[in-house]
Structure formats: structure tokens, C-alpha cells
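Structure at a glance
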Amino acid sequence: MVTDPIADFLTRIRNAQMANHRIVEIPASNLKKRMTEILYEKGYILKYKFEDDNKQGVIKIALKYDPNTKQPAIASLERISRPGLRQYAKPADFKRVMNGLGIAIVSTSKGVMTDKEAKAQNVGGEILCHIY
């Protein structure tokens, strides 16, 4: 059993990129599915697929690399709010990630979204991770 499933999600993607894998498989949950959709919408991954096995399901993510330099599209995946120290913020207190080039994934009362979407809807929440 994993004590921090979000950190496990980010670590699996980070490790797969360091090993230059094309596809990574991650155990599914509704939160991880939404985080995967956000990564796809923002252009950090090529594609994703939710597969249903007889248990909790699997998320298959096709990682994105630069065609010329072979560098991964995601330079950094950083967990912010941890089980031992939760990080919450109001919309006015959201810090820019990499001077606005990156995104922060925020869990709000209106669902999981990016920091820019949360600021536009004027809702605060738990800052899950920074990605750039």
C-alpha cells in the first residue's frame, strides 16, 4: 500500500522519463485520472488511456519528448502539499510557477484544476504539485 498516491504518480512519471521510456503504467484513481487529463490538456504528455482491469484500473501514459534533443517535455515534477504538511492557498496567494511557464495543480471544492483556472473561478484549495 502506498501512503502518498500523488507522490507515487509523479515519481513513476519522473522515473520513466529518466529511463527514456515511451509508456508508463500507473494504478488509477479519480484524482490521478484528472491530473493526467490536465497534463494532456497542457501539452506535457502525448496521450493517455484509462484501462479497466478487475481491480482499480490502470492509467497508461505516453510520454512526450523533444524530437531533436530527446529531452522530456516535463522538466520538473515537484510535490508541494504532502500528507505530513498540507499546503493550502487562496486565489490571491497562488505563486507563479517558473515565472508563469509552468502550472500548479490545485484540488479545490470545484474539482481538480490548474492554478490559473482556480484563480479565474476565484476558488482556493490544496496545492498538489508544480509542473514545468
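Nothing here was measured: the structure is a model prediction, and the numbers come from that model.

1. Examining unusual backbone geometry
- Positive phi, close to 60 degrees, is recorded for Asn20, a residue that is not glycine.
- Positionally, Asn20 belongs in the loop between helix H1 (5–18) and strand E1 (23–27).
- Assessed through its relative accessible area of 51%, Asn20 is described here as exposed.

2. Side note on the pattern of salt bridges
- Under the criterion given, the structure shown has eight salt bridges.
- Between Arg34 and Glu37 there is a salt bridge, with the nearest N and O atoms lying 3.4 Å from each other. Here Glu37 and Arg34 lie together in helix H2 (residues 30–41), a separation of three residues that amounts to about one turn.
- For Arg34, a relative accessible area of 21% gives the class partly exposed.
- Since its relative accessible area comes to 24%, Glu37 is described here as partly exposed.
- Between Glu126 and Arg86 there is a salt bridge, with its nearest N and O atoms 3.0 Å apart. Of the two residues, Glu126 sits in strand E8 (residues 125–131) while Arg86 sits in the loop between strand E4 (77–79) and strand E5 (88–89), which places them 40 residues apart along the sequence.

3. Overview of the sheet that holds E1
- Judged by pairing direction, the sheet is antiparallel, and its three strands sit side by side in the order E1-E3-E2 without closing on themselves. Each of the sheet's edge strands pairs with one partner strand only, and the pair in question is E1 and strand E2 (45–51). The average undirected angle you get between the axes of adjacent strands in this sheet is 20 degrees.
- The pairing of E2 with strand E3 (residues 58–63) spans six bridges and is antiparallel. Paired with Lys47 across the strands is Ala62, a residue of E3.
- Taken strand by strand, H1 contacts E1 and E3, and its axis lies near 165 degrees from that of E1.

4. Remarks on the packing of aromatic side chains
- The tally for this structure, following the rule as stated, stands at two aromatic pairs.
- Ring centres of Tyr40 and Tyr48 lie 5.3 Å apart, and the angle between their planes is 75 degrees; this geometry places the pair in the edge-to-face category.
- When its relative accessible area of 40% is taken as the criterion, Tyr40 is described as partly exposed.
- Relative to Phe50, the ring of Tyr48 has its centre 5.1 Å away and its plane inclined at 45 degrees; by these criteria the two rings are tilted.
- A cation over an aromatic ring shows up here: Lys33 above the ring of Phe50, its NZ or CZ 5.4 Å from the ring centre.

Parameters at a glance
Residues numbered from 1 in each chain as written. Predicted model: local features only at pLDDT ≥ 70, side-chain atom pairs only at ≥ 80, totals over all residues. Heavy atoms only, no water. Helix = DSSP H or I, 4+ residues; strand = E, 2+ residues; numbered from the N terminus. Buried < 20%, exposed > 50% of the residue type's maximum accessible area, 1.4 Å probe, protein only. Salt bridge = Lys/Arg side-chain N within 4 Å of Asp/Glu carboxyl O. Pairing = 2+ DSSP bridges. Axes fitted to C-alpha atoms, helices over the stretch in contact; angles between N-to-C directions. Contact = heavy atoms within 4.5 Å. Phe/Tyr/Trp six-rings, centres within 6.5 Å; stacked < 30°, edge-to-face > 60°. Lys NZ or Arg CZ within 6 Å of the ring centre and 35° of its normal.

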